[in-house]
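# Results of the structural survey
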Amino acid sequence: MAGLLDQLNPQQRVAAEITEGPVLIFAGAGSGKTRTLTYRLAHMVREKGVPVEQILAVTFTNKAAGELKERIAGLIGDEAKKLWVGTFHSICARILRQEGEAIGIPPNFTIYDEADQAAVVKEALSVLDGDSDESYSASEILNRISRAKNELLDVQGYRRTRKGPMDEMAQRVYAYYEQRLRANAALDFDDLLMRTVELLETKRSVLQRLQDRLRYILVDEYQDINHAQYRLIQLLGGKSGNICVVGDDDQSIYGWRGANVGIILAFESDYPNCKVVKLEQNYRSTKRILACAHDVIRRNAARADKRLWTDNHEGDKVVVYQALNEEEEAEWVTSVIRGQVNSGNARPGDYAILYRTNAMSRQFEDKLLEKGLPYEIVGGLRFYDRAVIRDALAYLKVISNPADGFSLRRIINRPARGIGAKTLAALDRLARRENITLLEACGRAQEAEGLTDRARAAALDFHHLMRRLADQVDQKPLPHFVRDVLDSSGYLAALTNSEKSDERSQAEDLGELITVAAKFAERREDSSLSAFLEHLALISDIDRAENLDSRVSLLTLHSAKGLEFPIVFMVGLEEEVFPHRRSMDDPFELEEERRLCYVGMTRAERMLYLSYANSRTVFGSRQRQQPSRFLKDLSPEHIERRGDLEHLLLPPRPKTEDEVLRGGPPRSRIDLTALLARAKENQSIAAERQVAEGAVAGSRAGNGQRTGHGGKAGSVSGEKRFRAGTKVTHKKFGQGIVVSASDDGEVVLTIAFPQVGVKKILASAVEAR
DNA sequence: TCTATGGCGCTTTTT
DNA sequence: GCGCCATAGA
């Protein structure tokens with residue numbers, strides 16, 4: 001049998017063969033990185049005799065961890081199960097559950113997510129900043145605390161680095177915040193890393209045990225790690241020195257959350273005896289796609305020296321589409337998809353629509369639904385962010401960790417039990433005075449001062465309820481227990497019996513949570529409540545996505561990292577959208593935006609479409625947009641421009657005196673003849689679509705994956721069939737031409753009026769002529 | 001104590 | 001254009 005590594009190209013092979021000592025692998029986009037790592041690990045186990053349990057692999061997402069494990073299992077079989085693969089956060093959580101007590105962390109600690117963190121910071125601000133008239137934003141402060149923790153700075157350390165009054169306040173909040181988290185036996189995301197480092201730095205025996213056990217360490221996406229993560233790897237790998245890191249500085253896109261590209265660039269000086277391997281052959285994209293991606297990234301100054309190349313086909317030109325507005329952009333994107341799917345050239349699962357911010361997903365979702373295309377949205381309005389779900393989880397968190405007073409506050413009066421702010425304050429005073437938890441204070445409510453008998457009884461009842469539930473936690477399978485909690489707390493009943501339909505739909509969300517618990521219990525060996533809560537805290541949006549292969553994927557550019565799709569649409573390529581407004585005044589952040597653009601483009605295998613809109617609704621008002629600077633970097637010979645509207649604009653006529661005074665129109669006028677031609681183009685697309693809709697009618701309802709979005713029935717445009725190109729008259733704006741029509745229960749037409757501009761108008765307000 | 005209303009600020013990106 | 005928060009009223 002030929003050696004495992006014969007399956008690799010020469011560079012990949014080198015990367016896989018060097019198993020001892022520090023190794024830095026620069027793996028360009030689409031260079032077969034996962035394949036190389038899979039073979040590397042299989043080779044270590046199979047041919048070098050490395051015991052599987054001595055290997056630790058760190059990936060960026062849980063999904064990537066699962067995939068790596070699966071692929072290795074394909075080469076070495078069941079032994080792969082013993083491999084420890086996970087994200088930094090999940091690995092640290094596991095270490096701290098097992099060993100954290102050595103530094104005072106109880107094993108049942110709760111993980112606070114961003115919303116929990118914000119609640120603590122807000123409390124801190126109201127306590128510390130109560131009388132001052134300066135107000136600081138909680139998110140800004142939180143950001144600073146997070147940065148400090150990523151830099152491994154505790155409150156004292158942070159004090160030394162602080163500069164302005166904001167830091168002064170942040171440092172005071174930080175101190176308060178830490179005290180509250182500890183009192184509630186809670187850790188935030190950053191603590192998972194920081195406190196693991198603290199554990200390893202202060203408890204030598206723990207460090208040694210881990211170093212002896214984990215003799216081979218592999219870190220993926222090394223360009224996106226922060227200082228705490230860097231230190232962690234340094235500690236764990238400190239004895240064996242077998243540290244293999246993989247990354248691509250051109251794909252570093254998490255600087256905003258403390259990641260530091262400098263870390264990967266400094267690896268060679270950190271480990272002077274390290275071997276460096278570059279994987280530069282791309283197997284994913286066409287020559288043209290790579291050329292365009294290179295056009296964008298080459299403008300960044302600080303890059304490691306490398307250049308991606310490919311043997312793949314030249315491919316089609318990259319399409320750059322100029323849309324009228326965001327709605328027409330979505331219309332175009334989805335028409336192209338519909339057309340290609342109908343012609344049998346592609347399946348919905350081949351497509352990804354990538355955007356800069358989650359808020360942009362909406363138009364695309366609407367249009368996909370309208371066209372009967374199945375889709376899956378990654379991220380955005382998250383299931384676990386819904387208030388009901390957070391409440392339900394708060395119950396579970398209190399049961400799992402009775403010290404968690406923040407979660408307790410959330411639920412103590414939900415459903416209403418007559419425990420309001422006043423009662424709570426009295427209980428809180430008692431808890432502080434007696435140095436007990438808030439839950440214990442409920443149990444000793446008779447000692448609290450200034451409470452009515454009714455309030456005391458309510459607090460005692462609540463305490464009794466939580467005690468009873470806590471006693472049952474290990475007696476029943478997880479999904480049963482979750483149901484019991486929701487039942488006996490009265491929470492589920494209160495919603496199920498509600499007269500309000502939105503509350504009944506919340507009850508359904510709770511049902512969904514029970515399903516999630518059931519699935520979790522099915523798949524996991526450890527299906528304890530605390531394992532469940534940890535899982536929920538540490539899975540990412542992308543981990544939850546299950547149907548990216550069979551549906552049109554909608555996701556942010558950030559979420560797309562590490563993925564690939566045959567056909568990619570990058571949308572909203574406009575100044576202030578992408579590059580984002582908040583990045584535009586900082587050259588470093590601009591470089592990161594550019595890398596993000598590069599990451600997006602290199603996701604595409606066969607075909608890449610880039611689009612931008614002339615105008616877009618931002619915060620509810622219409623704005624004129626300029627094409628993104630990234631588009632200007634593309635070589636003309638590799639792109640094909642479509643939908644160009646510039647020539648449609650005529651110079652504005654001079655303002656009348658009256659208009660000057662009122663500051664009113666004119667703006668640029670639109671060339672009606674040219675627009676008509678454009679509208680006809682849309683019309684033929686629309687006609688094509690109607691044929692297509694006939695074919696898929698019936699399979700339309702319930703295509704969308706995201707719950708909570710009411711599915712629309714398949715009406716196309718109401719009784720009056722307005723289509724693109726129809727000439728209409730409006731009593732105020734005069735004559736115009738329909739550009740597109742949409743149906744949200746009411747038919748809304750986008751109409752171009754030569755004198756007035758483009759307006760959205762109810763179909764009922766115009767006459768066809 | 002709970003609920004309805006209006007004002008205001010806001011969106012990067014996520015483990 | 002929407003969701004959160006503060007405020008006022010029942």
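Calculation criteria
Residues numbered from 1 in each chain as written. Chains lettered and ligands numbered in written order. Predicted model: local features only at pLDDT ≥ 70, side-chain atom pairs only at ≥ 80, totals over all residues. Heavy atoms only, no water. Helix = DSSP H or I, 4+ residues; strand = E, 2+ residues; numbered from the N terminus. Buried < 20%, exposed > 50% of the residue type's maximum accessible area, 1.4 Å probe, protein only. Contact = heavy atoms within 4.5 Å. Areas by Shrake-Rupley, 256 points an atom, 1.4 Å probe, with all protein chains shown as cover. Expected span 1.5 Å × (residues − 1). Near = heavy atom within 4 Å. Polar contact = N/O pair within 3.5 Å; in protein donor to acceptor, adjacent residues only side chain to side chain. Nonpolar A, V, L, I, M, F, W, Y, C, P; charged D, E, K, R; others polar. pLDDT = per-residue confidence, 0-100. Pairing = 2+ DSSP bridges. Axes fitted to C-alpha atoms, helices over the stretch in contact; angles between N-to-C directions. Salt bridge = Lys/Arg side-chain N within 4 Å of Asp/Glu carboxyl O. Phe/Tyr/Trp six-rings, centres within 6.5 Å; stacked < 30°, edge-to-face > 60°. Parallel < 35°, antiparallel > 145°, perpendicular 65-115°, else oblique. Left-handed = near helix turned anticlockwise from the far one by under 90°. Core = buried A, V, L, I, M, F, W, Y, C linked by side-chain atoms within 4.5 Å.

Let us look at the overall build of chain A. Counting secondary structure elements, chain A contains 30 helices and 25 strands. Burial status across chain A gives 54% buried among its 769 residues. In chain A, the proportion of contacts linking residues at least 24 apart, taken out of those at least 6 apart, comes to 73%. For chain A, the exposed surface amounts to about 34,600 Å²; the carbon and sulfur share of it is 48%.

Time to look at helix H19 (residues 421-434). A rise of 1.5 Å per residue sets the reference length of H19, with its 14 residues, at 20 Å; its end C-alpha atoms lie 20 Å apart and thus fit the reference within 8%. What H19 keeps buried is the set Thr423, Leu424, Ala426, Leu427, Asp428, Leu430 and Ala431. In the core, the buried residues of H19 are packed alongside helix H18 (405-411), helix H20 (438-443) and helix H21 (453-472).

Taken together, 26 residues lie around DNA strand B, and Arg356, Asn413, Thr423, Ser540 and Arg582 are the ones closest in. Atoms of DNA strand B within 4 Å of the protein: sugar and phosphate make up 53%, bases the balance. Serine 540 is positioned such that a nitrogen or oxygen atom in its side chain is 3.0 Å from a phosphate oxygen of DNA strand B. No other element matches H19, which puts three residues into the surface near DNA strand B. Looking at the surface near DNA strand B, its residues break down into six nonpolar, 13 polar and seven charged.

On to the confidence of the model for chain A, then. Segments scoring low in pLDDT should not have their predicted coordinates read at a detailed level. Residues at a pLDDT of 70 or more form 85% of chain A, whose mean pLDDT is 84. Within chain A, the lowest mean pLDDT, 47, falls on helix H30 (residues 672-696), and the highest, 97, falls on strand E15 (residues 565-570). In the model, residues 683-720 has pLDDT below 50 throughout and makes 63 contacts with residues more than four positions away in sequence or in other chains.

Judged by pairing direction, the sheet is parallel, and its six strands sit side by side in the order E3-E2-E6-E7-E1-E8 without closing on themselves. Each edge of the open sheet is held by one strand with a lone partner, namely strand E3 (84-87) and strand E8 (275-279). Geometrically, the sheet is characterised by an average inter-axis angle of 15° between neighbouring strands, direction not taken into account. Here strand E2 (residues 55-59) pairs with E3 via four bridges, running parallel. Across the sheet, the residue bridging to alanine 57 is valine 85, located in E3. Against the sheet, helix H1 (residues 10-17) engages strand E1 (23-27) and E8, with an angle of about 145° to E8. The sheet contacts of helix H11 (residues 227-236) involve E2, strand E6 (216-219) and strand E7 (243-247), and relative to E6 the element is tilted by about 160°.

Attention shifts here to the pattern of salt bridges. Applying the stated rule across the entire model yields 48 salt bridges. A salt bridge links aspartate 212 to lysine 239; the shortest N-O distance between them is 2.6 Å. Pair noted here: aspartate 212 is in helix H10 (residues 204-213) and lysine 239 is in the loop between H11 and E7, with a separation of 27 residues, a long-range link. Lysine 239 sits in the exposed class, given a relative accessible area of 51%. Residue glutamate 449 is joined to arginine 433 by a salt bridge in which the shortest nitrogen-to-oxygen separation is 3.3 Å. Here arginine 433 lies in helix H19 and glutamate 449 lies in the loop between H20 and H21, a separation of 16 residues in the sequence. What makes glutamate 449 exposed here is its relative accessible area of 57%. Counted as one network, the salt bridges with shared partners bring together Lys33, Asp220, Glu221, Asp224 and Lys561.

Moving on, we come to the packing of aromatic side chains. Summed over all chains, the structure comprises 14 aromatic pairs. Between the aromatic rings of tyrosine 395 and tyrosine 491, the centroid separation amounts to 6.2 Å while the plane-to-plane angle is 45°, which identifies the pairing as tilted. With a gap of 96 residues between them, tyrosine 395 in helix H17 (residues 387-400) and tyrosine 491 in helix H23 (residues 491-496) connect regions that are remote in the sequence. As far as burial versus exposure is concerned, tyrosine 395 and tyrosine 491 are alike and both buried. Centroid distance phenylalanine 569 to tyrosine 609: 4.4 Å. Interplanar angle 10°. Geometry classified as stacked. Remark: tyrosine 609 occurs in strand E16 (residues 604-618) and phenylalanine 569 occurs in strand E15; sequence separation between them is 40 residues. Residues phenylalanine 569 and tyrosine 609 agree in their burial class; the two are buried.

Counting through the fold element by element, lysine 33 comes out in helix H2 (residues 33-47). Polar contacts involving the side chain of lysine 33 include one to the side chain of aspartate 220, which spans 3.2 Å. Every residue in contact with lysine 33, bar those within four places of it in the chain, is listed here: Ala27, Asp220, Glu221 and Val246.

With that out of the way, let us pick up the pairing of strand E12 (residues 351-355). Along a regular strand, successive side chains alternate from one face of the sheet to the other. Most of E12 is tucked away: five of the five residues are buried. On E12, burial covers both faces: Tyr351, Ile353 and Tyr355 on one face and Ala352 and Leu354 on the other are all buried. Looking at chain direction, E12 and E15 are connected through four bridges and run parallel. The residue of E15 that forms the bridge with alanine 352 is valine 568. Taken together, the four bridges between E12 and strand E14 (residues 552-556) define a ladder with parallel strand orientation. Of the residues in E14, the one forming a bridge with alanine 352 is serine 553.

Another aspect to go through is the packing of helix H9 (residues 189-202) against H11. Across the interface, H9 lies against H11 with an axial gap of 9 Å and an inter-helix angle of 30°. In terms of axis orientation, H9 runs roughly parallel to H11. H9 and H11 meet at a crossing whose hand is left-handed. Here H9 contributes Leu193, Thr196, Val197, Leu200 and Glu201 to the contact with H11, which in turn contributes Ala228, Gln229, Arg231, Leu232, Leu235 and Leu236. Class assignment for the residues of the contact of H9 with H11 results in seven nonpolar, two polar and two charged.

Quick look at the nonpolar core now. Ile353, Phe569, Met570, Met601 and Leu610 are the most contacted members of the largest nonpolar core, which has 70 residues in total. In terms of residue count, E16 provides more of this core than any other element does, seven residues in total. Leave out the neighbours within four places in its chain, and methionine 601 touches Ile289, Cys292, Ala293, Val296, Met570, Leu608, Leu610 and Leu634. Judged by nonpolar contacts, the second largest core, of 56 residues, contains Tyr395, Ile436, Cys442 and Val485.

Moving on, we come to unusual backbone geometry. Residue phenylalanine 578 is joined to proline 579 through a cis peptide bond whose omega torsion reads 5°. Residue placement: proline 579 occurs in the loop between E15 and helix H27 (587-601). Residues other than glycine seldom take positive phi values, yet glutamate 576 does so here, at roughly 80°. Residue placement: glutamate 576 occurs in the loop between E15 and H27.

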